[in-house]
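# Observations on the three-dimensional arrangement
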Amino acid sequence: MTSTGDDRPGTRISQAVDILQRGGLVALPTETVYGLGADARSSAAVGRIFIAKGRPATNPLIVHVHDTAAARRWARNWPDAAGKLADRFWPGPLTLVLPKNREIVDGATAGLDSVGLRVPNHPLALELLRCFDGPIAAPSANRSNCISPTTASHVRDELGDKVDLILDGGACTVGIESTVLDLAHGAPRILRPGQISAWQIEQVIGPLASDQPVQSGELRESNESHRQLAPGQLPVHYAPQTLTLRFTPDQYGQLKLDEQTGVIVLEAEPFGSSCARIVTLPRDPAAYAQQLYAALRDLDNRHLHRIYIQTPPDEASWAAVRDRIFRASRPC
Ligand code: TXA
Ligand code: MG
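A brief structural summary. (Residues numbered from 1 in each chain as written. Chains lettered and ligands numbered in written order. Predicted model: local features only at pLDDT ≥ 70, side-chain atom pairs only at ≥ 80, totals over all residues. Heavy atoms only, no water.)

### Some words on the overall build of the chain
What the chain contains, in helices and strands, is 10 helices and 16 strands. In the chain, which comprises 332 residues, the proportion classed as buried is 57%. In the chain, once contacts between residues fewer than 6 apart in sequence are set aside, the share between residues at least 24 apart is 66%. About 13700 Å² of surface is accessible on the chain, with carbon and sulfur atoms providing 49% of the total. (Helix = DSSP H or I, 4+ residues; strand = E, 2+ residues; numbered from the N terminus. Buried < 20%, exposed > 50% of the residue type's maximum accessible area, 1.4 Å probe, protein only. Contact = heavy atoms within 4.5 Å. Areas by Shrake-Rupley, 256 points an atom, 1.4 Å probe, with all protein chains shown as cover.)

### Comments concerning helix α10 (residues 319-328)
Taken across its 10 residues, α10 has 10 buried, putting it largely inside the fold. If you check which residues of α10 are buried, you get A319, A320, V321, R322, D323, R324, I325, F326, R327 and A328.

### Focus on the nonpolar core
By size, the foremost hydrophobic cluster in this structure holds 49 residues, and its most contacted members are W90, L94, L96, L117, L181 and I201. Sorting the residues of this core by element identifies β2 (35-39), α2 (43-53), α3 (68-74), α4 (80-89), β4 (94-99), β5 (114-118) and α6 (152-159) as the ones contributing at least two each. Look past the residues within four positions of L117 in its chain and what remains in contact with it is V63, V65, A71, W74, A75, W90, L94, T95, L96 and L98. Counting 23 residues, the second largest nonpolar core, distinct from the first, contains V279, W318, I325 and A328. (Core = buried A, V, L, I, M, F, W, Y, C linked by side-chain atoms within 4.5 Å.)

### Here's the deal with the packing of helix α9 (residues 285-300) against α10
Here α9 crosses α10 at 20°, and the two axes come no closer than 10 Å. By the angle class used here, α9 and α10 are roughly parallel. Here α9 runs over α10; the crossing is left-handed. Between α9 and α10, the residues in contact are P285, Y288, A289, L292, Y293 and L296 and V321, R324, I325 and A328, respectively. (Axes fitted to C-alpha atoms, helices over the stretch in contact; angles between N-to-C directions. Parallel < 35°, antiparallel > 145°, perpendicular 65-115°, else oblique. Left-handed = near helix turned anticlockwise from the far one by under 90°.)

### Digging into the pattern of salt bridges
For the coordinates displayed, the defined rule picks out 18 salt bridges. Here D18 makes a salt bridge to R22, at a shortest N to O gap of 3.0 Å. For D18, a relative accessible area of 35% puts it in the partly exposed group. For R22, a relative accessible area of 63% gives the class exposed. By sharing partners, the salt bridges in this structure join E177, D323, R324 and R327 into a single network. (Salt bridge = Lys/Arg side-chain N within 4 Å of Asp/Glu carboxyl O.)

### Comments concerning the pairing of β4
Buried residues dominate β4, accounting for six of its six residues. Here four bridges tie β4 to strand β8 (residues 179-182), and the two strands are oriented parallel to one another. Bridging from a neighbouring strand, L94 pairs with T179 of β8. By the bridge criterion, four bridges tie β4 to β5 in an arrangement that is antiparallel. Note on β5: the bridge partner recorded for L96 is L117. (Pairing = 2+ DSSP bridges.)

### Considerations on the side chain of R246
Here R246 lies in strand β12 (residues 244-247). A distance of 2.8 Å separates a polar side-chain atom of R246 from the backbone oxygen of S329. Apart from the residues lying within four places of it in its own chain, the contact partners of R246 are Q251, I309, T311, I325, F326, S329, R330, P331 and C332. (Polar contact = N/O pair within 3.5 Å; in protein donor to acceptor, adjacent residues only side chain to side chain.)

### Here's the deal with unusual backbone geometry
In the segment running from W90 into P91, the intervening peptide bond is cis, with an omega of -5°. Here P91 lies in the loop between α4 and β4. The backbone of H303 shows a phi angle near 50°, a positive value even though the residue is not glycine. Following the sequence through the fold, H303 ends up in the loop between α9 and β15 (306-310).

### Some points on the site of ligand 1
In the vicinity of ligand 1, 27 residues are found, and the nearest of them are T32, R55, N59, H64 and S178. Note that an oxygen atom of ligand 1 is positioned 3.0 Å from one of the side-chain N or O atoms of R118. S178 is positioned such that a nitrogen or oxygen atom in its side chain is 2.6 Å from an oxygen atom of ligand 1. Here ligand 1 has 680 Å² of accessible area as a free molecule, and 98% of this is covered by the chains. Elements that contribute at least two residues to the shell around ligand 1 include exactly β3 (62-64), β5 and β9 (189-192). In terms of residues, the shell around ligand 1 owes the most to one element, β5, which gives four residues. The residue makeup of the shell around ligand 1, split by class, is 13 nonpolar, 10 polar and four charged. (Near = heavy atom within 4 Å. Nonpolar A, V, L, I, M, F, W, Y, C, P; charged D, E, K, R; others polar.)

Written out as structure tokens, the structure is:
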């Protein structure tokens, strides 16, 4: 990893641009999670991302740009819906899947003819994108199938020896990955839920495809057409190494609580136990999302026998958080 001792933001940005131009890897903060970035026009640079993460070549990357004009440059066409959504939600945690331009290398999109484009809402990421003046392919900066990083030190711990530079932009404010919306295959469809909800999107562009793959956090991964449209969205993902089991309050009596157990519960839940560690997360979905990955990572690092996580209510406002919990855990 590069270290010059000069940590002024401008210096760090110009180092980062230099590294990207030479085909290197830069970890960058976004409002959702930290990304592992490379030039999306270079097969060799993008290839390094897959090696660093141990990511299957079949899982496409999200390409980051600094504004809507830049996004239009890398999409082969730009439907009205894309313009309306970009005006309303960018910069922000929404990825739009659109037919891709030839300059985005096939490796970045796992050979797909579409590309996921997003303008992140983080000043350091935007500054980097403006100075680099090119598309940055960036998946979450974690090893494949592990928990996404929400601080620079998470990235350092997990990928420090594999990345050329880490830009530290503080803790991510959203905390879970962006909503991914497919605009390339017929009726718009959410491929991955996130902070920007189906309801918010429908307010801008009208009804989404009726067979949404994720309803109130319940995964319907057996749907083959969805599997093909949403590569990389595996039922088990974003998971701790420790056995992680989800529970509802009526299952309290069945939990095996000892000093080798960690528990994540919702605030104001009457939960008493002498187990290793109880983490209480806020009852507000946005505040909960911001802390979820750090809490899971902290418990995972304690090498416990098991982690229990309370499933939040089956309500639309919890859909994205429930999606991540369902992928990280098994029922108990
Ligand atoms: O918030 C985020 O989206 C973060 C930050 C760094 O921007 N990035 C992120 O990237 O979560 P990643 O690689 O961990 O997840 C990208 C997912 C893929 O697994 C896939 O499900 C979907 O986005 N995706 C990307 N391009 C796609 C495409 N062309 N068609 C369908 N799905 C796509
Ligand atoms: Mg990821």
